[in-house]
Amino acid sequence: MLDRLKAARVGVLAHPASVDRRLIHIAEVLAAHGVRPRIFFGPEHGYGGEAQDMDVVSGGVDPRTGARVVSLYGDRFEDLTPRQADLAEIDVLLVDLADVGCRHYTFVWTALLAVRAAQRAGVAVILLDRPNPIGGTVDTVEGAIQEKGFLSFVGLEPVPIRHALTVGEIVALFGRREGVSVAHINADDALVGPTDAALTVVPSLGWKRGALADAWDRPFVMTSPNMPSAETALVYPGGCLIEGTNLSEGRGTTRPFELVGAPWVDGRALSADLLATGLPGFVARPLTFCPTTRKHAGQICGGVQIHVTDPGAFRPVATYVALIALARRQNPERFQFRTERYEYVDDIPALDLLMGSARARQGMEAGEDPGGLAREISRVDPAWTEIMHEAQAALGSATT
């Protein structure tokens, strides 16, 4: 594989968490092995990881190599795909994007769009896969796949909210369905599949699918400005749903997505109401906080911090659906669902895009029981187990 890269014109799709076990960035790792990429591509938040959510990112220069950096996150949906003119400069695209195991996190969709564009351009893709930091077993899956009409950049293909797959597995799954030839490297460092495959996945060897990031033999590296820790990743499949409301999801604090509230929220009442739902694996501690950016910046907010006490039992989607419903019930006059443009979509409320249907929002508006609604919404399509097996089989992945 290394000899192939040395002989090719190489492009790299990466971000700040594209590091090895010594925390050395892929640009430096490649340079140490005599590979100097001609072009770098950066996903949402940028190649350098400085940009906030949904901020348009410009290109630049990689400070380590002097190579050109091209942004794959602009103000149009078309900007998410590598341009054919840029792909014409390379023979191989190396993809290394650490993910957090949630449909809403856009890096996996950037990778899939890049594979599609590369195939059209005749550029081979080598994807360096990474473990799912919030678990890869079927019992961790949560949330239904999207209904027809609800696909978007926070869910480009139909998958559950918490899907238990890796970037490589998802890209290989949908790539193969579209006719992309796929190969992978096995535990013996041998190529399995066609030698001229359009997509070759280098898997994460030694990963036990039930192991969360805190069990890995290395630190968790923040993948974006508001994903600072493994604890953040664990709550994120539910915490991101707060973006579909006028509640603060704690941006501009040191515990984004764990802190949720607004100036009109009674944190003590919200904590007690969440406890009464009987949902497991967490404590909702009442508190006040002051976001320094985004919603309610500079204002004191009442709310809760979600402390995960049992990661195996905790269900982030159910927990945060109940939280939103209970916060809305406190003050329906001041609570609002987000209706402005969200991830390139103008005509569907953000919560509906994130949930993959209008069911949760409509249930809240109808005054349904928050706990019952949360449990219904978090149920998984039984077919997903077979789809997981299909995805893992494509790469010879373990199913335990």
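Bear in mind the structure is a predicted one, so any value in this text is a computation, not a measurement.

Novice: So what's going on with unusual backbone geometry? Which residues, and what values?
Specialist: The residue Asp189 is not glycine, and still its phi comes out positive at about 65°. Positionally, Asp189 belongs in the loop between strand E7 (182-185) and strand E8 (191-192). Even without glycine at this site, Tyr344 takes up a positive phi of about 75°. Here Tyr344 is to be found in the loop between helix H8 (316-330) and helix H9 (350-355).

Novice: An account of empty space enclosed by the protein is requested, with residue identities and associated values reported.
Specialist: Applying the stated criterion across every chain yields a total of two cavities of 30 Å³ or more. Estimates place the volume of the largest cavity at around 160 Å³. Lining the largest cavity are 18 residues, and of these His45, Tyr105, Tyr236, Glu243 and Arg251 sit closest to its centre. Residue classes in the lining of the largest cavity are distributed as eight nonpolar, five polar and five charged. Lining the second largest cavity, in full, are Leu97, Asp99, Val100, Gly101, Asp129, Arg130, Pro131, Asn132, Pro133, Leu165, Thr166 and Val167. The residue inventory of the lining of the second largest cavity, partitioned by class, reads six nonpolar, three polar and three charged.

Novice: Tell me about the packing of aromatic side chains, residues and numbers included.
Specialist: Considering all chains together, one arrives at 11 aromatic pairs under this definition. Relative to Tyr344, the ring of Phe153 has its centre 6.2 Å away and its plane inclined at 70°; by these criteria the two rings are edge-to-face. Taken together, the positions of Phe153 in the loop between strand E6 (124-128) and helix H5 (167-177) and Tyr344 in the loop between H8 and H9 put the pair 191 residues apart, joining distant regions of the chain. Summarising the burial analysis for this pair, Phe153 and Tyr344 share the class buried. Ring centres 6.1 Å apart and planes at 65° place the aromatic pair Phe282 and Phe314 in the edge-to-face group. One end of the pair, Phe282, is in strand E11 (residues 282-289); the other, Phe314, is in the loop between strand E12 (301-308) and H8, and 32 residues separate them in sequence. A residue is classified by how much of its surface remains accessible, and Phe282, at 13% relative accessible area, is buried. Ring-pair connections join several aromatic residues into one group, and the members of that group are Tyr73, Phe77, Phe153 and Tyr344.

Novice: So what's going on with the pattern of salt bridges? Which residues, and what values?
Specialist: Enumeration over the complete set of coordinates arrives at 28 salt bridges. Between Asp91 and Arg9 there is a salt bridge; the shortest N-O distance is 3.0 Å. Taken together, the residues Asp91 in the loop between helix H3 (84-87) and strand E5 (92-96) and Arg9 in the loop between helix H1 (2-6) and strand E1 (10-14) connect sequence positions 82 residues apart. Through salt bridges with shared partners, a single ionic network connects Asp53, Asp55, Glu243, Glu249, Arg251, Arg294 and Lys295.

Cut-offs and rules
Residues numbered from 1 in each chain as written. Predicted model: local features only at pLDDT ≥ 70, side-chain atom pairs only at ≥ 80, totals over all residues. Heavy atoms only, no water. Helix = DSSP H or I, 4+ residues; strand = E, 2+ residues; numbered from the N terminus. 1 Å grid on protein atoms, 1.4 Å probe; cavity = no way out; pocket = protein on both sides within 12 Å on 5 of 7 lines; lining within 4 Å. Points joined across faces, edges and corners; volume = space filled by probe spheres on them. Nonpolar A, V, L, I, M, F, W, Y, C, P; charged D, E, K, R; others polar. Phe/Tyr/Trp six-rings, centres within 6.5 Å; stacked < 30°, edge-to-face > 60°. Buried < 20%, exposed > 50% of the residue type's maximum accessible area, 1.4 Å probe, protein only. Salt bridge = Lys/Arg side-chain N within 4 Å of Asp/Glu carboxyl O.

Function-wise, these values are silent; they only describe arrangement.
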